[in-house]
Amino acid sequence: MKLPKYHPRYESLKIRENLVKGFKEGYVAINGLIAQGRGECFDYLFNEKTQNFAAEAERAAVALLLLSKSPVISVNGNVAALCGREICKLAKILKCPIEINLFYWTKEREEIIEKKLRKFYSNVLTEKTKKIPNLDSKRANVSEYFYNADVALIPLEDGDRAEALVKMKKNVIAIDLNPLSRTSQNATITLVDNIVRAIPNMITFAEEMKNLSKDELERIVKNFDNKKNLKDAINFLKEKI
Ligand code: PTJ
């Protein structure tokens with residue numbers, strides 16, 4: 001469908017179209033369309049804009065990733081469809097690998113996503129030799145690198161895996177429009193923002209901050225309070241309603 005640019009819901013409809021295209025190409029799970037609907041509902045309440053609390057969390061997340069010794073970015077079907085190219089750009093700046101991890105895993109979906117990402121970035125991990133403890137799904141299978149990573153960026157993640165990663169003592173950065181989800185509540189840093197804005201914002205921050213000293217980056221992380229940030233997001237929703 002050709003979307004007219006003047007349509008008041010152009011951006012939101014464009015995102016939907018990208019997901020539907022990804023579904024037709026065989027790499028977005030049908031359940032991914034439902035997940036997007038859930039996200040859209042929250043995004044509507046956040047005025048479809050990056051609010052101050054989200055920008056603050058995005059800055060802290062970039063500082064944490066720049067401080068990390070072994071960061072990793074996890075990508076699922078929705079993430080690949082919504083910002084595959086941008087997430088590769090972020091990984092390049094952070095010099096970190098990307099790992100494909102699917103809730104509704106099939107070999108075919110994984111291969112299509114891998115091919116898509118490799119057009120922009122070569123450091124895509126595929127060999128899964130380890131299992132995340134206490135997690136009973138295909139999402140438990142990870143690479144050795146992921147298993148040992150100190151910081152994991154996990155956009156649009158399910159609550160079980162987020163919790164299991166926190167239990168492994170990893171620093172977990174979530175991107176989730178629902179500030180009440182288990183993923184949001186358990187993460188070390190939660191970006192309550194639409195991924196289509198969060199990743200480009202993180203790219204801008206990473207470019208600005210990549211030459212900051214370790215002390216400056218540590219100060220940014222230390223001054224960030226995730227519980228307070230989530231409260232600010234929830235209060236925003238309360239006032240909006
Ligand atoms: O590709 P797969 O097989 O790994 O499956 C991916 C999905 C997303 C289908 C799977 O992880 C899933 O079922 O996710 P959930 O639990 O339905 O959604 C995860 C969270 O992402 C929810 O809290 C949504 O509100 C949120 N969300 C959805 N779309 C966006 C979003 N957050 C930020 N930006 C979005 N565009």
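Before reading further, recall that the structure is shown in the block above.
So, how was this worked out
Residues numbered from 1 in each chain as written. Predicted model: local features only at pLDDT ≥ 70, side-chain atom pairs only at ≥ 80, totals over all residues. Heavy atoms only, no water. Helix = DSSP H or I, 4+ residues; strand = E, 2+ residues; numbered from the N terminus. Rg over C-alpha atoms; globule rule 2.2 N^0.38 Å. Buried < 20%, exposed > 50% of the residue type's maximum accessible area, 1.4 Å probe, protein only. Contact = heavy atoms within 4.5 Å. Areas by Shrake-Rupley, 256 points an atom, 1.4 Å probe, with all protein chains shown as cover. Near = heavy atom within 4 Å. Nonpolar A, V, L, I, M, F, W, Y, C, P; charged D, E, K, R; others polar. Patch = residues over 30% accessible without salt bridge, like charges linked within 9 Å, V, L, I, M, F, W, Y side chains within 5 Å. Salt bridge = Lys/Arg side-chain N within 4 Å of Asp/Glu carboxyl O. Phe/Tyr/Trp six-rings, centres within 6.5 Å; stacked < 30°, edge-to-face > 60°. Lys NZ or Arg CZ within 6 Å of the ring centre and 35° of its normal.

To continue, consider the overall build of the chain. Helix and strand counts for the chain come out as 11 helices and 8 strands. In terms of overall size, the chain behaves like a compact globule, its C-alpha atoms giving a radius of gyration of 17 Å where 241 residues would be expected to give roughly 18 Å. By its C-alpha atoms, the chain is 50 × 45 × 35 Å across when sized along the principal axes. Expressed as a percentage of the 241 residues in the chain, the buried residues total 50%. Expressed as a percentage of contacts within the chain between residues at least 6 apart in sequence, the contacts between residues at least 24 apart total 66%. Total accessible area on the chain stands at roughly 12400 Å², and carbon and sulfur atoms take up 51% of it.

Residues in close proximity to the ligand total 23 residues, the closest being Gly 77, Phe 103, Tyr 104, Arg 109 and Asp 176. Protein contacts shield 94% of the accessible area of the ligand, which totals 740 Å² for the unbound molecule. Elements supplying a minimum of two residues to the shell around the ligand: helix 2 (30-45) and helix 4 (77-94). At 6 residues, the largest contribution of residues to the shell around the ligand is made by helix 2. Counted by class, the shell around the ligand contains 8 nonpolar, 9 polar and 6 charged residues.

Bringing a nonpolar patch on the surface into the picture now. On the surface, a cluster of nonpolar side chains totalling about 250 Å² of accessible area is made up of Phe 23, Ile 30 and Leu 33. Residue placement: Phe 23 occurs in helix 1 (residues 10-24).

What follows covers the packing of aromatic side chains. Between two aromatic rings, the relevant description is the distance of the centres plus the angle of the planes. A full pass over the atoms with the stated rule returns 4 aromatic pairs. Measuring from centroid to centroid gives 5.8 Å for Phe 46 and Phe 236, while their planes differ by 40°, and the two rings are tilted. Of the two residues, Phe 46 sits in the loop between helix 2 and helix 3 (52-67) while Phe 236 sits in helix 11 (residues 226-240), which places them 190 residues apart along the sequence. A ring pair is formed by Phe 103 and Tyr 104, whose centres lie 4.8 Å apart and whose planes are at 80°; its orientation type is edge-to-face. On the basis of relative accessibility, which here comes to 39%, the residue Phe 103 falls in the partly exposed class. Classification of Tyr 104 by relative accessible area gives partly exposed; the value is 39%. Joined through ring pairs, the aromatic side chains of Phe 46, Phe 53 and Phe 236 make up one cluster. Above the plane of the ring of Tyr 147 lies Lys 130, whose end atom (NZ or CZ) is 4.9 Å from the centre.

A separate point is the pattern of salt bridges. Counted by the stated rule, this structure contains 15 salt bridges. For Arg 139, the salt bridge identified is with Glu 157, shortest N-O distance 2.6 Å. A residue pair is termed long-range when its members are at least 10 positions apart, and Arg 139 in the loop between strand 4 (130-131) and strand 5 (141-142) and Glu 157 in the loop between strand 6 (151-155) and helix 7 (159-167) qualify at 18 residues. Take Arg 139 and Glu 157: they sit in the same class, and that class is buried. A salt bridge links Glu 157 to Arg 161; the nearest nitrogen and oxygen atoms lie 3.1 Å apart. The exposure classification of Glu 157 matches that of Arg 161, with both residues buried. Here the salt bridges do not stand alone but share partners, grouping Arg 139, Glu 157, Asp 158 and Arg 161 into one network.

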